[in-house]
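Residue strings, one per chain:
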Amino acid sequence: MVTATALEAELLELAGSVPDPELPVLTLQELGVLRAVHASGPDTVEVDLTPTYTGCPAIEAMSTDIERVLRAHGMREVTVRTVLSPAWSTDDITAEGRRKLQEFGIAPPRERHDTGPIPLTLGATRTLAEDTDPVRCPHCGSADTELLSRFSSTACKALRRCLSCREPFDHFKEL
Amino acid sequence: MTATAPATAALALGDDALVLSHRLGEWAGHAPVLEEEVALANIALDLLGQARVLLSMAGDEDELAYLREERAFRNLQLVEQPNGDFAHTIARQLYFSTYQQLLYTELAAGDGPFAPLAAKAVKEVAYHRDHAEQWTLRLGDGTELSQERMQQACDALWRFTGEMFQPVEGLDADWADMETRWLESMTDVLGRATLTVPEGPRSGAWSAGAGRQGLHTEPFGRMLAEMQHLHRSHPGASW
């Protein structure tokens, strides 16, 4: 990565502190969707943003929010570009981001150990305590949970149910 | 875009995604259970996102989606087929998402203009294919009635599957190899679902490759009329 100037580092931090429009407990930096900030002049800046899912409608709200924050900081020209490559992965969510998701009642994604565009191997629908990497209930911590639907309130989440406390919950599914 | 080959390919892939997205969206309010309603809408949203990127590579996305006539669309005839019953929708999903996963995996591995989108979309498509496979297994290896209807659906759509492997100009892929692997995958999934791999021809003389050349089946015109109605009636409308 090209060394950022002090101004770029400052703007990156500002843009990164913008909350995600659908999961406001996470910042864009914690979600891992903010790729770079290039200042081409004292008040002209380009921001590279990557979508979580190709069709994620939140990207437009994110762009607007970034523009607003950077303009309020004295930038006159703010251009937010959508970049696809390299493809975003749930591994780009920071450790702090995972912790916040859990606290918010959403089971964080498990880490993927492969890279690149190889299709996911999708596991069993039920996880158990003896599994090495179960999806844990964000409410009671039990590993005994089952999948209800691979698709939930947004494209990035799956719907699961805890078989210990019986509460349904969202799981930020691995991508 | 200066070269025409990438534009042709962008239209083919973009129209597949757009048209199937619209068909899946028609399930909103009609799906058998709430979870399915949400699942089909989410799959439709993924496809719409892919369509927007692809159509933007070929021109103005709105003009291409809303102002083209039927004969200008380059999608496969498979994706324009009406939803039918739930089994038909699942069979269409199984056939198409398996194809899309194979194709996007190849495109993602190359360095062509579609590699970035393909690398992203292939991960989404893995979930679509898994969704279709799980339902195929449940319906096929389910009750006598569900098996009968799933088999009917697989049989009915089989004749539209040959077209998927007609080479598309501008896409660097080994079509014959993809077709072999697609057939292996179908044999595997349908076998586990206690269904029979359909025997009929996978394209008719009247239809081979026809969608890619702008020839579509009758229900497509009605679908387009509904999809384009708002934009054509109120040009430039926004909310």
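Here the structure is a predicted model, which means the values were calculated and not measured.

Enquirer: For the packing of aromatic side chains, give the residues involved together with the corresponding values.
Expert: Per the stated rule, a full pass over the model turns up ten aromatic pairs over all chains. Summarising the aromatic geometry, the rings of B:Tyr99 and B:Phe165 are spaced 5.8 Å apart at their centres and angled 85° between planes, so their arrangement reads as edge-to-face. Highlighted residues: B:Tyr99 in helix H5 (residues 86-109) and B:Phe165 in the loop between helix H7 (144-158) and helix H8 (175-192), separated in sequence by 66 residues. Each member of the pair, B:Tyr99 as well as B:Phe165, is classed as buried. Chaining the aromatic ring pairs together yields one cluster made of B:Tyr95, B:Phe96, B:Tyr99, B:Trp158, B:Phe165 and B:Trp182. Just above the ring of B:Tyr127 sits the side chain of A:Lys173; from NZ or CZ to the centre is 4.7 Å. Across the ring face of B:Trp158, the terminal group of B:Arg202 is positioned such that the distance to the ring centre comes to 5.6 Å.

Enquirer: Tell me about the nonpolar core, and please be specific about residues and values.
Expert: A:Ile66, B:Leu103 and B:Tyr104 are the most contacted members of the largest nonpolar core, which has 108 residues in total. A total of 13 residues in this core trace back to one element, the largest contributor, which is H5(B). Lining this core are residues from two domains, each supplying at least three of them: domain 1 (6-82) and domain 2 (105-110 + 124-172) of chain A. Ignoring sequence-local partners within four residues, the contact set of B:Leu103 consists of B:Leu13, B:Leu171, B:Ala173, B:Trp175 and B:Met178. Counting residues in hydrophobic clusters, the runner-up holds five residues, among them A:Val135, A:Cys137, A:Cys162 and A:Phe169.

Enquirer: Please set out the sheet that holds strand E3 (residues 77-82) of chain A residue by residue, giving values where relevant.
Expert: Residue and element names in this part refer to chain A. In space, the three strands of this open sheet follow the order E1-E2-E3, with mixed pairing throughout. Sheet topology places strand E1 (34-41) and E3 at the edges, where each strand pairs with a single neighbour. Adjacent strand axes in the sheet meet at a mean angle of 15° when their direction is disregarded. Pairing analysis gives six bridges linking E1 to strand E2 (residues 44-49), with the strands arranged antiparallel.

Enquirer: Got a sec to walk through the UniProt feature "domain: MIP18 family-like" (unreviewed entry) in chain A? Specific residues and values, please.
Expert: Sites flagged by UniProt as "domain: MIP18 family-like" (unreviewed entry) map to residues 16-78 of chain A. Secondary structure across residues 16-78 of chain A comprises 32% helix and 25% strand; the distance between its end C-alpha atoms is 15 Å.

Enquirer: Run through the domain arrangement of chain A, naming residues and quoting values.
Expert: How big an interface is tends to be stated in terms of accessible area lost as the parts join. Residues and elements named next belong to chain A. The domains assigned to chain A are domain 1 (6-82) and domain 2 (105-110 + 124-172). For domain 1 and domain 2, the distance between their C-alpha centroids amounts to 31 Å. Across the boundary between the two partners, domain 1 contributes four residues, which contact six residues of domain 2. Between domain 1 and domain 2, roughly 390 Å² of surface is buried when both sides are summed, and carbon and sulfur atoms account for 82% of that area. Taken together, the links from domain 1 to domain 2 amount to zero salt bridges.

Enquirer: Break down H8(B) for me, with residues and values.
Expert: All names here are of chain B. The end-to-end C-alpha separation of H8 is 26 Å, in line with the 26 Å expected for 18 residues at 1.5 Å each. Where H8 is concerned, the buried positions are Trp175, Met178, Trp182, Met186, Val189 and Leu190. Down the axis of H8, the buried side of the element spans an arc of 90°, and every buried residue falls inside it. In H8, the exposed positions that point more than 90 degrees away from the buried face belong to Ala176 and Glu184. Residues of H8 that are buried in the fold lie against H5, helix H6 (115-140) and H7. Just beyond H8, the residue with positive phi is Thr194, at close to 55°.

Calculation rules
Residues numbered from 1 in each chain as written. Chains lettered and ligands numbered in written order. Predicted model: local features only at pLDDT ≥ 70, side-chain atom pairs only at ≥ 80, totals over all residues. Heavy atoms only, no water. Phe/Tyr/Trp six-rings, centres within 6.5 Å; stacked < 30°, edge-to-face > 60°. Helix = DSSP H or I, 4+ residues; strand = E, 2+ residues; numbered from the N terminus. Buried < 20%, exposed > 50% of the residue type's maximum accessible area, 1.4 Å probe, protein only. Lys NZ or Arg CZ within 6 Å of the ring centre and 35° of its normal. Core = buried A, V, L, I, M, F, W, Y, C linked by side-chain atoms within 4.5 Å. Domains from an automatic or database assignment. Contact = heavy atoms within 4.5 Å. Pairing = 2+ DSSP bridges. Axes fitted to C-alpha atoms, helices over the stretch in contact; angles between N-to-C directions. UniProt positions renumbered as here; feature names shortened; annotations may be inferred. Buried area = accessible area lost by both parts, 1.4 Å probe. Salt bridge = Lys/Arg side-chain N within 4 Å of Asp/Glu carboxyl O. Expected span 1.5 Å × (residues − 1). Arc of directions from axis to C-beta.

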